[in-house]
Amino acid sequence: MAKDAGDSLKHAKAIALGATPLKYRDRLSKGDEDIYRLRLRQRSSFRSAIDRLQHNADLELIQDRNRNGQVDLGEVVASSRAAGRQSDSIQIGGLAAGTYFLRVFPKSDSNTSYRLFLSAKPTQKISAAYDIVLRTNAVREASDLPPLAVNTQLTNAAQAYARSLAIDDNWSHTGADGSSPWERMRAAGYDFSEAAENLAAGHATAKSAIDGWLKSPGHRRNLLAYQVQEIGVGYFYLRNDPGDITFNHYWAQSLGTPADVKVTPNVPEDKSRIANS
């Protein structure tokens, strides 16, 4: 979740999103952050990105659900936390209409310039991956747990592994290259304090995949874990599935909390670790 944002949402800079993608240049001073307010008038395929960084900075997309001008637990809708001085980007296929805040904040005490790119293309469709996110969050909120933020690095890890499961004909949490879920997340640039992975196959829809996970105690436990705050989902469809494993539809769900974020609420002693399922 966002840290040290205080009541800065009240002082966000308004950005008018239109049909033409927006490019904007700015500079972060030492210890500062930039917050932009934008409004989606209809469901959209949304993309934001920053590049031309001199020093590392992260992105968070926020929705002030309780309208108190602060960033509270569960109000980060999406994040990108690329390591080093790489560019950061957030993409969501089917983001609902509403008012959002985009937070750009540095990961060091150095000044940095950046270029911000924003686009929102109206759509009636929700991507298969984002459908899983929405359904996961509905289950969590029904259990009085905060929703998870879509994280770009976890999404990249999950998408790459969903494809690998299909192409490499490998149905296991251990990759064809011998990688573990934790190694794949770190390789995608995500350093975590807690993490878990759910896999599913043979489900043609997000609803079917979620229903299958909820019927499995281990997968359900991961979905409802106190410890996780962010999520990435991958989906890969292999029409002609020629191997020994022929599920056609492959799903991967990466769950985690950034290494530098304290888990909130505090996790009871008997629930201090998440199982991999």
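Computed from a predicted structure; not experimentally measured. Along each chain, residue indices are assigned from 1 in the same order as the chain's sequence is written. Only residues with pLDDT of at least 70 get local features here, since the model is predicted, and only at 80 or more are side-chain atom pairs given and counted; chain-wide, interface and lining totals rely on the full set of residues. By convention in this description, side-chain values take in all heavy atoms of the structure and omit both hydrogens and water.

> I'd love a proper account of the overall build of the protein, names of residues and values included.
Along the protein, the regular secondary structure elements total 5 helices and 13 strands. The globule rule used for comparison is 2.2 Å times the number of residues to the exponent 0.38, while the radius of gyration itself is calculated over C-alpha atoms. Over its C-alpha atoms the protein spans a radius of gyration of 19 Å, differing by no more than 12% from the 19 Å that the globule rule assigns to 277 residues. Here the C-alpha coordinates of the protein stretch approximately 55 × 45 × 35 Å along the principal axes. Buried means the residue's accessible area, taken with a 1.4 Å probe over protein chains only, is under 20% of the maximum for its type, while exposed means over 50%, and partly exposed covers the values in between. Looking at the protein residue by residue over its 277 residues, the buried ones come to 49%. Pairs at least 24 residues apart make up 78% of the contacts formed inside the protein by residues separated by at least 6 positions. For the protein, the computed accessible surface area is about 13100 Å², with 46% contributed by carbon and sulfur atoms. Of note, the protein has its 35 positive side-chain charges centred 7 Å away from the centre of its 31 negative side-chain charges. Numbering of helices and strands runs from the N terminus, with a helix taken as a DSSP run of H or I at least four residues long and a strand as a DSSP run of E at least two residues long. Contact criterion: two residues are considered in contact whenever any of their non-hydrogen atoms come within 4.5 Å of each other. Under the convention used here, a 1.4 Å probe and the Shrake-Rupley method define accessible areas, while residue burial counts only the protein chains that appear. We count Lys and Arg on the positive side and Asp and Glu on the negative side, and we leave His and both chain ends out. By convention, the point assigned to a charge is CZ for Arg, NZ for Lys, CD for Glu and CG for Asp.

> Which residues make up helix α4 (residues 206-215), and what values go with them?
When we look at burial in α4, the residues that qualify are Ala206, Ala209, Ile210 and Trp213. End-on view of α4: buried residues confined to an arc of 95 degrees, all on one side of the axis. If you follow the buried residues of α4, they end up packed against α1 (128-142), β11 (192-201), α5 (217-223) and β13 (249-258). Here, the arc refers to the directions that run from the helix axis to the C-beta atoms.

> Mind laying out empty space enclosed by the protein, listing which residues take part and the relevant values?
Gaps left between atoms are located by rolling a probe of water-molecule size over the structure's atoms. Two kinds of site are reported from a 1 Å grid over the protein atoms alone, namely cavities, where a 1.4 Å probe fits but cannot get out, and pockets, open sets with protein on both sides within 12 Å along at least five of seven lines, and residues are called lining when an atom falls within 4 Å of a point. Grid points are joined across faces, edges and corners, and a volume is the space filled by probe spheres set on the points. Counted under the stated rule, the structure contains 2 cavities of 30 Å³ or more. Taken together, Ala157, Ala158, Tyr161, Pro181, Arg184, Met185, Glu197 and Ser254 make up the lining of the second largest cavity. Elements that contribute at least two residues to the lining of the second largest cavity include exactly α2 (152-167) and α3 (181-187). Of the residues that constitute the lining of the second largest cavity, the class distribution is 5 nonpolar, 1 polar and 2 charged. Only Asp, Glu, Lys and Arg are considered charged in this grouping, and only Ala, Val, Leu, Ile, Met, Phe, Trp, Tyr, Cys and Pro are considered nonpolar; every other residue, Gly among them, is considered polar.

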